[in-house]
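What follows is the residue order along each chain.
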Amino acid sequence: MTNEATSTVVTEVACPLCGHACDDLSVDTAGKGLTVVAYGCDRARDGFARLGGVPTNASARIDGKPASLEEACAEAARILAGAQQPVFGGMALDLNGARGAMELVDLAGGIVEHINNEFGWRASRAVQDGGGINTTLAEVKNRADLIVLFGTDAVSRQPRFFERTVWVKESMFDFDTSSRHIVYLGAGLNTAPGVSPDGRQPDVFEFDRKRMPEALSVLNALLAKQPVAGEAPLGIPLARWQALADALLAAKYSVLVWTASAFDTPQVDMNVGAIAAIARKLNVTTRCNALPLAGNDGDSTMGAVHLWQTGFPMRTSYASGTPKFDPLHNGLSRLVANGETDALVWLSSLNDTVAPPSTGLPTVVIAPPTQKLDAEPHVFIPVATPGMHLTGHFVRTDKVVSLPLRALKKSPLPAAEQVTAAIVAKMKEVGA
Ligand code: SF4
């Protein structure tokens, strides 16, 4: 029998390791790391074990040599004070980290680019142009009778999507969740989680996912009762496409699931715009909503903080003192390739697996001690992780909920926002 007073297991823990933000994990805090003992997924188990450790000898470094936190912050401040237009990459942060980062970006006259923003800005552009109708995880759970996944299996991005949101045991309105109809569009997807609890197979339209724009055109045409050329668009009998269009029209609440990173990059805005058009058409006679799977690596958190603090999305330059939003111009790779940035700050307390790009620029990395590095940066400052060592908040994929993150284990390392605040203070000392 477990003695609750002495148990080292913490229950109902929120997980910041993907945008699904599950809040039911049980985590054992005994020992050196954090062990997910119930309700996780492989990503959560690996992430809590790796990021949740408590380092005993992780120190800041300048040019690979140990330095005090103060020395490292002073050196980072010196680099930023001398830079005309630094770029801030990574940005896998919780809400406090993102707010702290924005203060530094503002003072340094920089540009923010989240690791997922190469896809994100294209998707946002489509919605800026034509609008969009999105739903929430609660609505999917309680109402969706038809779920169509466009080029994604959902679980590669958010592993517990089906477990937590689709094949749930209970829902409101006496809805029988096991009766949901699941459809996948695209080849090479993991469709096993789409099998219903009573063994019903999902409907799978197998075609090269790079041809998603054609598939979306076929569906949009059929929904508009327009002719479609050929007997088998994308090698699939027209009758099957028609059956899918009819099912969408007949559904009481269909959900169109997509994720920008699953699309061919140049096609992202085109595909997102076409999915929004399907939802618009269907809402004339029934209910249909899109569900973008976002929020991974804190991208929705960073995007929300950037927007509410400045009124602009990411890829806005603060170098001139006046915000200049230019998503085509202000991408990290383009700025580096064209010599339009003179320092890189890589901030990431939630993701240690993506290495900062090798740019040849003075580089400051503020990240967990386990951060993957392809080259030693000029300054490295190890930080603790929100949701493991620190309290915080994390915006979920549907952007209607910010989950509170818990501090499960004490770390000697500072929070990212403490580091950015210290750099801001050092910059102000030298009159930057
Ligand atoms: S699905 Fe995502 S939020 Fe849920 S436990 Fe796995 S990694 Fe964490």
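Residues numbered from 1 in each chain as written. Predicted model: local features only at pLDDT ≥ 70, side-chain atom pairs only at ≥ 80, totals over all residues. Heavy atoms only, no water.

Draft legend 1. Here's a closer look at the sheet that holds strand 2 (residues 25–28). The strand order 1-2-3 describes an open sheet built from three strands, whose pairing is antiparallel. Looking at the sheet topology across the chains shown, the edges are occupied by strand 1 (9–13) and strand 3 (35–38). On average, each strand axis in the sheet is tilted by 35° relative to the strand beside it, whichever way the strands run. Taken together, the three bridges between strand 1 and strand 2 define a ladder with antiparallel strand orientation. Across the sheet, Val 13 pairs through a bridge with Leu 25, a residue of strand 2. (Pairing = 2+ DSSP bridges. Helix = DSSP H or I, 4+ residues; strand = E, 2+ residues; numbered from the N terminus. Axes fitted to C-alpha atoms, helices over the stretch in contact; angles between N-to-C directions.)

Draft legend 2. Quick peek at helix 3 (residues 95–108). Look at helix 3: 20 Å from first C-alpha to last across 14 residues, which is about the 20 Å you get at 1.5 Å a residue. Along helix 3, the residues that are buried comprise Leu 95, Gly 97, Ala 98, Gly 100, Ala 101, Met 102, Leu 104, Val 105 and Ala 108. Directly after helix 3, the chain includes Gly 109, whose backbone phi takes a positive value near 65°. (Expected span 1.5 Å × (residues − 1). Buried < 20%, exposed > 50% of the residue type's maximum accessible area, 1.4 Å probe, protein only.)

Draft legend 3. Fine view of the pairing of strand 3. Two strands pair when backbone bridges link them, and strand 2 and strand 3 are joined in this way by three bridges, in the antiparallel orientation. The residue bridging Val 27 from the neighbouring strand is Val 36, located in strand 3.

Draft legend 4. Representation of the packing of helix 3 against helix 10 (residues 299–310). Contact geometry for helix 3 and helix 10: axes closest at 9 Å, N-to-C directions at 45°. Between helix 3 and helix 10, the angle is such that the two are oblique. Considering only the axes of helix 3 and helix 10, their crossing is right-handed. Seen from helix 3, the contacting residues are Leu 95, Ala 98, Arg 99 and Met 102; seen from helix 10, they are Thr 301, Met 302, Val 305, His 306, Trp 308, Gln 309 and Thr 310. Among the residues making up the contact of helix 3 with helix 10, the classes are represented as six nonpolar, four polar and one charged. (Parallel < 35°, antiparallel > 145°, perpendicular 65-115°, else oblique. Left-handed = near helix turned anticlockwise from the far one by under 90°. Contact = heavy atoms within 4.5 Å. Nonpolar A, V, L, I, M, F, W, Y, C, P; charged D, E, K, R; others polar.)

Draft legend 5. Region of the structure containing unusual backbone geometry. The phi dihedral of Glu 12 falls on the positive side, at around 55°, and the residue is not glycine. Tracing the backbone through its elements, the reader meets Glu 12 in strand 1. We classify Glu 12 as exposed; its relative accessible area is 59%. The backbone of Met 91 sits at a positive phi, close to 65°, despite the residue not being glycine. Relative to the elements of secondary structure, Met 91 occurs in strand 6 (residues 87–92). Residue classification places Met 91 among the buried positions, given a relative accessible area of 0%.

No statement about biological role is implied by the geometric values presented.
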